[in-house]
Amino acid sequence: MKKVKISDSAVRKYKINECLLKRSIDHHRVAIRKIPNYMGISLNTLHNYRNILFNDPQDIPHEIVVLFEQLFELQPGGLLNKPIRGKTLDDLINSELPQKGK
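Here is what the cut-offs are and how they apply
- Residues numbered from 1 in each chain as written.
- Predicted model: local features only at pLDDT ≥ 70, side-chain atom pairs only at ≥ 80, totals over all residues.
- Heavy atoms only, no water.
- Axes fitted to C-alpha atoms, helices over the stretch in contact; angles between N-to-C directions.
- Helix = DSSP H or I, 4+ residues; strand = E, 2+ residues; numbered from the N terminus.
- Parallel < 35°, antiparallel > 145°, perpendicular 65-115°, else oblique.
- Left-handed = near helix turned anticlockwise from the far one by under 90°.
- Contact = heavy atoms within 4.5 Å.
- Nonpolar A, V, L, I, M, F, W, Y, C, P; charged D, E, K, R; others polar.
- Phe/Tyr/Trp six-rings, centres within 6.5 Å; stacked < 30°, edge-to-face > 60°.
- Buried < 20%, exposed > 50% of the residue type's maximum accessible area, 1.4 Å probe, protein only.
- Core = buried A, V, L, I, M, F, W, Y, C linked by side-chain atoms within 4.5 Å.
- Lys, Arg positive; Asp, Glu negative; His and termini not counted.
- Salt bridge = Lys/Arg side-chain N within 4 Å of Asp/Glu carboxyl O.
- Polar contact = N/O pair within 3.5 Å; in protein donor to acceptor, adjacent residues only side chain to side chain.

Kindly report on the packing of helix H2 (residues 25–39) against helix H3 (residues 43–50), identifying the contributing residues and their values.
Think of two packed helices as two axes; the pair is described by the angle between the axes and how far apart they sit. Remark: H2 packs on H3, axes separated minimally by 8 Å, with the N-to-C direction vectors making an angle of 115°. One finds that H2 runs roughly perpendicular with respect to H3. For the element pair H2 and H3, the recorded crossing hand is right-handed. Mapping the contact onto sequence places His-28, Ile-32, Ile-35 and Pro-36 in H2 and Leu-43, Leu-46, His-47 and Arg-50 in H3. Each residue belonging to the contact of H2 with H3 can be placed in one class, and the counts come to five nonpolar, two polar and one charged.

A description of the packing of aromatic side chains should follow, citing residues and the corresponding values.
Tallied over the entire structure, the rule returns one aromatic pair. Between Phe-68 and Phe-72, the ring centres sit 5.9 Å apart and the planes meet at 15°, which makes this aromatic pair stacked. Just as Phe-68 is buried, Phe-72 falls in that class too.

Go over the nonpolar core, please, and point to the residues and values.
Within the largest apolar cluster, 18 residues are counted, with the highest numbers of intra-cluster contacts made by Ile-16, Ile-35, Tyr-49, Ile-60, Phe-68 and Phe-72. Where this core is concerned, the elements lending two or more residues are helix H1 (16–21), H2, H3 and helix H4 (62–71). The element contributing the most residues to this core is H2, with four residues. Excluding its chain neighbours within four sequence positions, the residues that come into contact with Phe-68 are Ile-16, Ile-35, Met-39, Leu-46, Tyr-49 and Leu-79.

Please provide a residue-by-residue account of the side chain of Glu-69, values included.
In this fold, Glu-69 is placed in helix H4. Although Glu-69 is buried, it makes no salt bridge; Lys-15 carries the closest opposite charge, 8.9 Å away. From its side chain, Glu-69 meets the backbone nitrogen of Gly-78 in a polar contact 3.4 Å long. Other than its neighbours up to four places away in sequence, Glu-69 contacts Leu-74, Gln-75, Pro-76, Gly-77, Gly-78 and Leu-79.

Listed below in structure tokens is the structure:
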């Protein structure tokens, strides 16, 4: 498998690097050691998560995303660099039902 070099300026899907870089160098180093143990993942997996690019099909499991959001004190959905917009269930249901009075 060929190794792909990722630019520091490349837009990533998640704000993991951004959140880590807000910390002091000492805190950043400790965080890189502690996060994998806390989440039950390898250091390599953490680095892979940090480097997922915006248009990559790869994703992080939801439970891990929630843990990252809690660690970085982000609102739910705050780890994503791209907001997800969707319809409500009522919108979907109402689009299938015949309109009354017409």
